[in-house]
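Tertiary structure, described
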Amino acid sequence: MISRKNASISKFIIHKVGNKFNDTKNAFSEKLVDFDEASYDLMLPFLLRPFSSVVQSYRFNHHANISLNEINSYSNQIFSDDDAFIEISKHIVTHLYEQSTSAQIKTGDVLVAMFEGIEFNDITTNALGIFKIESKVNFFQTYLENNSYDVLVQKGISSKKVDKGCLILNQTDTEGNIILSVDNNSYDAQYWINQFLNIKYADDANNHTQQYITLCKDFSTDILKTTYGAKEQNTFLAKTIDFFKENEVVNIERFKDELFEEDKHKKLFDDYKKNFEDEQDIVLRNQFDIAESVVNKEKKKFKTDIKLDTNIQIKLDIDAPDASAEYLERGYDDEKKMHYYKAFFNVES
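For the structure given in this document, a descriptive report is provided here. (Residues numbered from 1 in each chain as written. Predicted model: local features only at pLDDT ≥ 70, side-chain atom pairs only at ≥ 80, totals over all residues. Heavy atoms only, no water.)

1. Considering a nonpolar patch on the surface
Residues F140, V151 and V153 make up a contiguous nonpolar surface patch of about 320 Å² in total accessible area. Structurally, the position occupied by V153 is in strand β7 (residues 148–156). Given the relative accessible area of 52%, V153 is considered exposed. (Patch = residues over 30% accessible without salt bridge, like charges linked within 9 Å, V, L, I, M, F, W, Y side chains within 5 Å. Areas by Shrake-Rupley, 256 points an atom, 1.4 Å probe, with all protein chains shown as cover. Salt bridge = Lys/Arg side-chain N within 4 Å of Asp/Glu carboxyl O. Helix = DSSP H or I, 4+ residues; strand = E, 2+ residues; numbered from the N terminus. Buried < 20%, exposed > 50% of the residue type's maximum accessible area, 1.4 Å probe, protein only.)

Here it is, written out as structure tokens:
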């Protein structure tokens, strides 16, 4: 995630991208935008706010040579040649247009910006931002005519969120330039990440933590909930988060020892992990450092409610992994021919 408290826009241009499949054309600007104070004060946070909560970063990818990655090449040219910004921004739009190979991909405005003063991991750097605005919203515009006010409907860009955006930092590590990306209209997951940007997750603690938590979430849904019920699923998720909070390093064997009492459950997890790796085309490390920021973000997404078909819900505390095992019992009533939960407590709150 970045800090934008000292950030500024040094260059900004707007183009329009068409759709190759529908034969709609691109339209290019020849000059930079000259902001007035009000539009600048609204535009800067609009563009950078989405990246303030992004914890995973990407790196450029290419099947043959990373230097052949188009956006990698274009960003390096902009970073090294201050006068190349307008011309290279057009090439970026043309490259985006070439990826529009289906009617599903929308036309829109492409905003290309240079930012100064971006703070990332205690380093201050400049960055190239590329944003695509795919959807416009209706708004009312009032106007004075013949001494009376009237109203008309116009379409414009909502200032609440960008549809698609990336931030390419002029900062590298052993894997290359650090890239952050957001996609709020993920109707085609391949289009922005894989085809236009051609980027992959960084090989770091953030990615390893994210992949392993995703594995555990999917395992809890596909195996535990299906076989043992929602209680076992939620207990497993709570214990997973607890393990990640209490440790700085994940060792997979230790993880399994702490979360599973029986070897048959460990084997179920191992078999699911292998299938998960095959389907995702990844290899999960047997030991890795934990990224606390990823754990905190994923924890907020966990749903630990048990929803029953009798219009009753039981909410479990994700921060109390042993509570459901100790104070909640699941059983079956032969007389009613129904499952039941029994909850133990001292006082109501």
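2. As for the packing of helix α2 (residues 70–80) against helix α3 (residues 85–98)
Where α2 contacts α3, the two axes come as close as 9 Å, and the packing angle between them is 170°. Of the possible angle classes, the one that applies to α2 and α3 is roughly antiparallel. Residue-level contacts link E70, I71, Y74, Q77 and I78 of α2 to F85, I88, H91, I92 and H95 of α3. Among the residues forming the contact of α2 with α3, the class breakdown is 6 nonpolar, 3 polar and 1 charged. (Axes fitted to C-alpha atoms, helices over the stretch in contact; angles between N-to-C directions. Parallel < 35°, antiparallel > 145°, perpendicular 65-115°, else oblique. Contact = heavy atoms within 4.5 Å. Nonpolar A, V, L, I, M, F, W, Y, C, P; charged D, E, K, R; others polar.)

3. Observations concerning the nonpolar core
With 30 residues, the main nonpolar core has I71, I92, L128, I130, I168, W192 and F196 as its most contacted residues. Contributions of two or more residues to this core are made by β2 (8–17), β3 (58–60), α2, α3, β4 (108–120), β5 (123–133), β8 (164–173) and α4 (189–197). If one sorts the elements of this core by residue count, α3 sits on top with 6 residues. In this structure, I92 is in contact with I71, Y74, I78, L128, I130 and F196, ignoring residues within four places of it in sequence. Core analysis: the next-biggest nonpolar cluster, separate from the first, contains 27 residues, F219, F269, I290 and I318 among them. (Core = buried A, V, L, I, M, F, W, Y, C linked by side-chain atoms within 4.5 Å.)

4. What to know about α2
Within α2 the residues assigned to the buried category are I71, N72, Y74, S75, I78 and F79. An end-on view of α2 places all buried positions within 165° of arc, on one side of the element. One side-chain oxygen of the residue at the start of α2 lies 3.1 Å from the amide nitrogen of I71, identifying that residue as N69. (Arc of directions from axis to C-beta. Polar contact = N/O pair within 3.5 Å; in protein donor to acceptor, adjacent residues only side chain to side chain.)

5. Remarks on the pairing of strand β6 (residues 137–145)
Across 9 bridges, the pairing between β6 and β7 is antiparallel. If you follow Q141 over to β7, its bridge partner there is L152. Two successive antiparallel strands, β6 and β7, enclose a turn made up of 2 residues, where N146 displays a positive phi of approximately 55°. (Pairing = 2+ DSSP bridges.)

6. Looking at a negative patch on the surface
Negative charge collects at one region of the surface, where D34, D36, E37 and D41 lie side by side. On the secondary structure map, D34 appears in the loop between β2 and α1 (37–48). Note on D34: relative accessible area 74%, which makes it exposed. (Lys, Arg positive; Asp, Glu negative; His and termini not counted. Charge placed at Lys NZ, Arg CZ, Asp CG, Glu CD.)

7. As for the environment of S89
Structurally, S89 is set in helix α3. Judged by relative accessible area, which is 0%, S89 ranks as buried. Taking C-alpha positions, S89 is 14 Å from I168, a pair spaced 79 residues apart along the chain. In contact with S89, other than residues within four places in its own chain, are I13, H15 and V112.

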